[in-house]
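# Geometric and topological summary
Chain residues, written in single-letter form:
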Amino acid sequence: KWAQTLDGHLADDNGKSQWISGPRSRAYTHWLRQKYDAIMVGAQTVLSDSPRLTARDSPTPIVRHPHKIIYDPSARLWEASDEALSALLTETENRDGPLVFWCVDAKEKKGLPSFLESFSHIIVRIPILDPEDWTELFLSISAELQHRRGKPLQSVMVEGGSQLLTLLMRAD
């Protein structure tokens with residue numbers, strides 16, 4: 001899922017991508033989110049938009065909030081502001097809520113930024129061993145979900161920006 005301008009851009013002329021769509025389509029997107037096990041965005045989306053990645057604006061009752069998958073192969077989120085990262089933790093703070101899967105290059109920084117250490121129970125670092133092998137990445141996430149929650153990953157809604165969408169489309 002993505003929103004784009006009439007001329008095919010994912011952001012406006014100022015590089016701002018948040019709220020290209022209107023309230024009705026956002027509510028529909030939030031309703032769709034609860035139908036998926038996880039929602040996936042790239043690091044640039046987190047840095048630019050500080051998304052919450054929840055189903056908060058869907059009509060009630062909200063069945064569930066999806067797990068969150070952040071694709072960050074260059075470990076850019078280590079430089080992110082606490083404010084940008086704190087939005088991701090909305091609706092995830094309780095142990096039964098969604099997990100945040102932070103996908104980073106296996107050679108990149110270890111551990112978590114200090115701000116996130118207190119949320120280590122909900123943040124799962126998944127190393128990307130081969131950036132071209134999406135199957136391996138999703139199987140790793142599925143195995144971790146199976147281990148932690150007893151249910152494998154069945155579906156992912158991708159709301160990535162242009163970089164993540166391009167990578168996934170190239171990988172077919």
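Scroll up to find the structure.
We now turn to the structure provided with this report. (Residues numbered from 1 in each chain as written. Predicted model: local features only at pLDDT ≥ 70, side-chain atom pairs only at ≥ 80, totals over all residues. Heavy atoms only, no water.)

This part covers the packing of aromatic side chains. Counted according to the given criterion, the structure contains 4 aromatic pairs. Their ring planes at 40° and their centres at 4.8 Å tell us that Tyr71 and Trp134 sit as a pair that is tilted. With a gap of 63 residues between them, Tyr71 in strand β2 (residues 67–71) and Trp134 in helix α4 (residues 134–149) connect regions that are remote in the sequence. Residues Tyr71 and Trp134 agree in their burial class; the two are buried. (Phe/Tyr/Trp six-rings, centres within 6.5 Å; stacked < 30°, edge-to-face > 60°. Helix = DSSP H or I, 4+ residues; strand = E, 2+ residues; numbered from the N terminus. Buried < 20%, exposed > 50% of the residue type's maximum accessible area, 1.4 Å probe, protein only.)

The next thing to look at is the sheet that holds strand β4 (residues 123–128). Overall, parallel pairing links the 5 strands, which are arranged β4-β3-β2-β1-β5 in an open sheet. Of all the strands in the sheet, the pair left with one neighbour each is β4 and β5 (156–158). Averaged over neighbouring strand pairs, the angle between their axes works out to 25° when direction is ignored. Each of β1 (38–42), β2, β3 (100–105), β4 and β5 touches α4; the most contacted strand, β4, lies at about 150° to it. (Pairing = 2+ DSSP bridges. Axes fitted to C-alpha atoms, helices over the stretch in contact; angles between N-to-C directions. Contact = heavy atoms within 4.5 Å.)

This next bit is on the pattern of salt bridges. For the structure on display, the rule yields 4 salt bridges. In this structure, Arg64 and Asp37 form a salt bridge, with 3.0 Å as the shortest nitrogen-oxygen distance. A residue pair is termed long-range when its members are at least 10 positions apart, and Arg64 in the loop between α2 (43–49) and β2 and Asp37 in the loop between α1 (23–33) and β1 qualify at 27 residues. Taking relative accessible area as the criterion, Asp37 reaches 6% and is therefore assigned buried. (Salt bridge = Lys/Arg side-chain N within 4 Å of Asp/Glu carboxyl O.)

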